[in-house]
Amino acid sequence: MRFGGVTALDRVGFTVADNEICGLIGPNGAGKTSLFNCITRIYRPEEGAVRFNGTDLLSLRRHQIVRHGIVRTFQNLALFPTLSVLDNTVVGAHSTSTPHLVPSLLGWPTTRAARRRVEADAWELLERLELTDLAFHPAAGLPFGTLKRVELARALISRPSLLLLDEPAGGLTHSEVNELGQLILGLRDDYGFSALLVEHHMGLVMGISDHVVAMDFGRTIADGSPAEVQRDPAVAEAYLGRTA
């Protein structure tokens, strides 16, 4: 993936297994978010392939990614501030459960039944994430940690096979980060998804990841267990410099 004369991604290659949490680490500018944007088709790389369950994602249109079981959260929250917590959650089912325009406008029974199913799923997630008391509260004005959980609810309502988490601990307190780690592990066990986690909080990454990949200057520099990656000299150099 190139931007003018800058190569943002250069022969990056790794695999995320079923039901695995894979941590993706690297200093700022390593190419982590660019990789996320290639997986979700915001960017189209000049070369290479991104394969998911045998499908090359680069052959799909952007809106088809979620239908193949891939969803993401964002480094900067992308919620609708005037919508309620419940409606922000329901929005996440749009690409997988929303009927076509004409049946929706006519209010056909199948449309009403689909809406009831989506709302039932949303209520289940809000209960799991301890958000039911805020279901009808607009997103605007809620604490940052709460909004992070709303974004998780919106992502999970489409029942993904792969959840892309872009710096979910950003802006959270130390205790909230610990709670987030346990929440992600619990949700993975409950709903059976794999996760690709981009995060600068090393305690979170090393504490919940089954597998860690390190990047620097758009390349993969380490790939292994959390302990192996922590001990890798190339990782220490990328974060601390050669002298250190």
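Residues numbered from 1 in each chain as written. Predicted model: local features only at pLDDT ≥ 70, side-chain atom pairs only at ≥ 80, totals over all residues. Heavy atoms only, no water.

As for the domain arrangement of the chain
Where interface size is given, it is often the accessible area lost as the parts come together that is meant.
Right, so step 1: Partitioning the chain into domains gives domain 1 (2-69 + 160-240) and domain 2 (80-143).
Right, so step 2: Here domain 1 and domain 2 have C-alpha centroids that lie 28 Å from each other.
Right, so step 3: The partner domain 2 presents six residues to the seven residues of domain 1 that form the contact.
Right, so step 4: Between domain 1 and domain 2, a total of about 580 Å² is buried, with carbon and sulfur atoms accounting for 58% of that surface.
Right, so step 5: Arg128 is the partner of Asp190 in a salt bridge, and the nearest nitrogen-oxygen pair spans 2.6 Å.
Right, so step 6: At the boundary of domain 1 and domain 2, one finds one residue pair in polar contact (both at pLDDT 80 or more).
Right, so step 7: Of the residues contributing to the side of domain 1 that touches domain 2, the split by class is four nonpolar, one polar and two charged. (Domains from an automatic or database assignment. Contact = heavy atoms within 4.5 Å. Buried area = accessible area lost by both parts, 1.4 Å probe. Salt bridge = Lys/Arg side-chain N within 4 Å of Asp/Glu carboxyl O. Polar contact = N/O pair within 3.5 Å; in protein donor to acceptor, adjacent residues only side chain to side chain. Nonpolar A, V, L, I, M, F, W, Y, C, P; charged D, E, K, R; others polar.)

Looking at the state of the cysteines
Right, so step 1: Counting across every chain of the model gives zero disulfides.
Right, so step 2: Here Cys22 is not cross-linked by a disulfide; its sulfur's nearest cysteine counterpart is in Cys38, at 16 Å.
Right, so step 3: Look at Cys22 and you get buried, because its relative accessible area is 0%. (Disulfide = S-S within 2.5 Å. Buried < 20%, exposed > 50% of the residue type's maximum accessible area, 1.4 Å probe, protein only.)

Some remarks on the pairing of strand β3 (residues 21-25)
Right, so step 1: Along β3, five of the five residues are buried, which leaves the element largely enclosed by surrounding structure.
Right, so step 2: Residue alternation in β3 divides its side chains into two sets, Ile21, Gly23 and Ile25 and Cys22 and Leu24, and both sets are buried.
Right, so step 3: Summarising the sheet, β3 and strand β8 (residues 194-198) pair through four bridges and their orientation is parallel. Bridging across to β8, Leu24 finds its partner in Val198.
Right, so step 4: As defined by bridge partners, β3 adjoins strand β9 (residues 211-216) across four bridges and the pair is classed as parallel. Residue pairing across strands places Leu24 opposite Val213, the latter belonging to β9. (Helix = DSSP H or I, 4+ residues; strand = E, 2+ residues; numbered from the N terminus. Pairing = 2+ DSSP bridges.)

Observations regarding the packing of aromatic side chains
Right, so step 1: Taken as a whole and assessed by the stated rule, the structure comprises two aromatic pairs.
Right, so step 2: A centroid spacing of 5.2 Å and a plane angle of 75 degrees characterise the contact between Phe3 and Tyr43, whose relative ring orientation is edge-to-face. Note that Phe3 is positioned in strand β1 (residues 2-3) and Tyr43 in the loop between α1 (32-39) and β4 (51-52), a separation of 40 residues in sequence.
Right, so step 3: Classification of Phe3 as partly exposed rests on a relative accessible area of 37%.
Right, so step 4: Given the relative accessible area of 26%, Tyr43 is considered partly exposed. (Phe/Tyr/Trp six-rings, centres within 6.5 Å; stacked < 30°, edge-to-face > 60°.)

Regarding the pattern of salt bridges
Right, so step 1: One pass over the structure, following the stated rule, counts nine salt bridges.
Right, so step 2: A salt bridge links Asp166 to Arg72; the shortest N-O distance between them is 3.4 Å. With Asp166 in strand β7 (residues 162-166) and Arg72 in strand β6 (residues 70-72), this residue pair connects regions lying 94 residues apart in the sequence. Just as Asp166 is buried, Arg72 falls in that class too.

Points about the sheet that holds β9
Right, so step 1: Reading across from one edge, β6-β7-β8-β3-β9-β10 is the order of the six strands in this open sheet, with mixed pairing throughout. Taken across any chain shown, the strands that pair with only one partner, and hence form the sheet edges, are β6 and β10 (219-224). Pairs of neighbouring strands in the sheet enclose a mean axial angle of 20 degrees, with direction left out of account.
Right, so step 2: Bridge analysis of β7 against β8 gives five bridges, and the strand direction is parallel. (Axes fitted to C-alpha atoms, helices over the stretch in contact; angles between N-to-C directions.)

Some points on α1
Helical geometry note: an α-helix holds 3.6 residues per turn, so side chains three or four residues apart project in the same direction.
Right, so step 1: Of all eight residues that make up α1, seven are buried, and the element is covered over most of its length.
Right, so step 2: Every buried residue of α1 is listed here: Lys32, Ser34, Leu35, Phe36, Asn37, Cys38 and Ile39.
Right, so step 3: In this fold, the buried residues of α1 make contact with β1, β3, β6, β7, β8 and β9.
Right, so step 4: Backbone geometry just downstream of α1 places Arg41 in the positive-phi region, at approximately 70 degrees.

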